[in-house]
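Here's the letter readout for the chains.
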Amino acid sequence: MREGVTPADPERAAALDVVHLLREVALRYDRAVGEFARTAGLHGTDVRALVSLLDAERAGVEATPTWLAQQLGMTSQATTAVIHRLEAAGHVERLRSRTDGRSARLQVSDTAVALGWQFFGPLLDRLIITTQALDPGQQTLVKDYLTAVTDALG
């Protein structure tokens, strides 16, 4: 066996098997996102922006254009183009900030949320059922692992 393909150390090889499964999950999810983007007439970056905005709403974070640019790792000009595309398509609304009436916050429109559920709902239902099949201790272990992996990825 070549060391770069399969580690000689059995513990490292077992851990790498888990990493490869995680990579497969990421690839399949990425394909689903790509298919959603194609069917909805969106750029991949547009979908990333929508996901970031929905995550912000779930976390109670006020999503401003500057915040979105940071999340996407893009310049403010490129982010403005994304926001304009999403606004023109009716997927994002600019609303007054709750804390500073002079600035804007971004929110995913109800129609975009419905479109997302229409496409991703069956997938999310299968993932929820799979997760609910785990006992609470297993769910905590998986959550802790995925949180650590997220942190490791930066």
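So, here is what we can say about the structure in this document. Starting from 1, residues in each chain are numbered consecutively following that chain's sequence as written. Only residues with pLDDT of 70 or above have their local features reported here, since the model is predicted, and side-chain atom pairs are shown and tallied only from 80 upward, although totals for entire chains, interfaces and linings are computed over all residues. Only hydrogens and water are set aside; all other atoms, that is, all heavy atoms of the structure, feed into the side-chain values.

Any Lys or Arg side-chain nitrogen located within 4 Å of an Asp or Glu carboxyl oxygen qualifies as a salt bridge. Taken as a whole and assessed by the stated rule, the structure comprises five salt bridges. For the salt bridge of E24 with R28, the shortest nitrogen-to-oxygen distance reads 2.7 Å. One end of the pair is E24 and the other is R28, both in helix α1 (residues 10-40) and four residues apart, which spans about a single turn. Here the term buried applies to any residue with accessible area under 20% of the maximum for its type, exposed to any over 50%, and partly exposed to those in between, with areas from a 1.4 Å probe on protein chains only. Assessed through its relative accessible area of 54%, R28 is described here as exposed. In this structure, the salt-bridge partner of E35 is R38, at a minimum N-O distance of 3.3 Å. Of this pair, E35 and R38 both sit in helix α1, separated by three residues, roughly a single helical turn. When its relative accessible area of 35% is taken as the criterion, E35 is described as partly exposed. Residue class for R38 comes out exposed when judged on its relative accessible area of 58%. Put simply, DSSP marks the helices as runs of H or I at least four residues long and the strands as runs of E at least two long, and each gets a number from the N terminus on.

What follows is about the packing of α1 against helix α5 (residues 110-132). Direction vectors running N to C along α1 and α5 enclose 150°, while the axes themselves pass 11 Å from each other. Relative to α5, the element α1 lies roughly antiparallel. By crossing handedness, the relation of α1 to α5 is classed as right-handed. Residues A32, V33, E35, F36, T39 and A40 of α1 touch α5, and the partners they reach there are L115, G116, F119, F120 and L123. Here an axis means a line fitted to C-alpha atoms, over the contact stretch when the element is a helix, while the angle between two N-to-C directions is reported on a 0 to 180 degree scale. Just so you know how the angles are binned, under 35 degrees is roughly parallel, over 145 roughly antiparallel, 65 to 115 roughly perpendicular, and the rest oblique. Handedness of a crossing is defined here by the sense of rotation of the near helix relative to the far one, left-handed for an anticlockwise turn of less than a right angle and right-handed for a clockwise turn. Only heavy atoms enter the contact rule, under which two residues are in contact if any of them lie within 4.5 Å.

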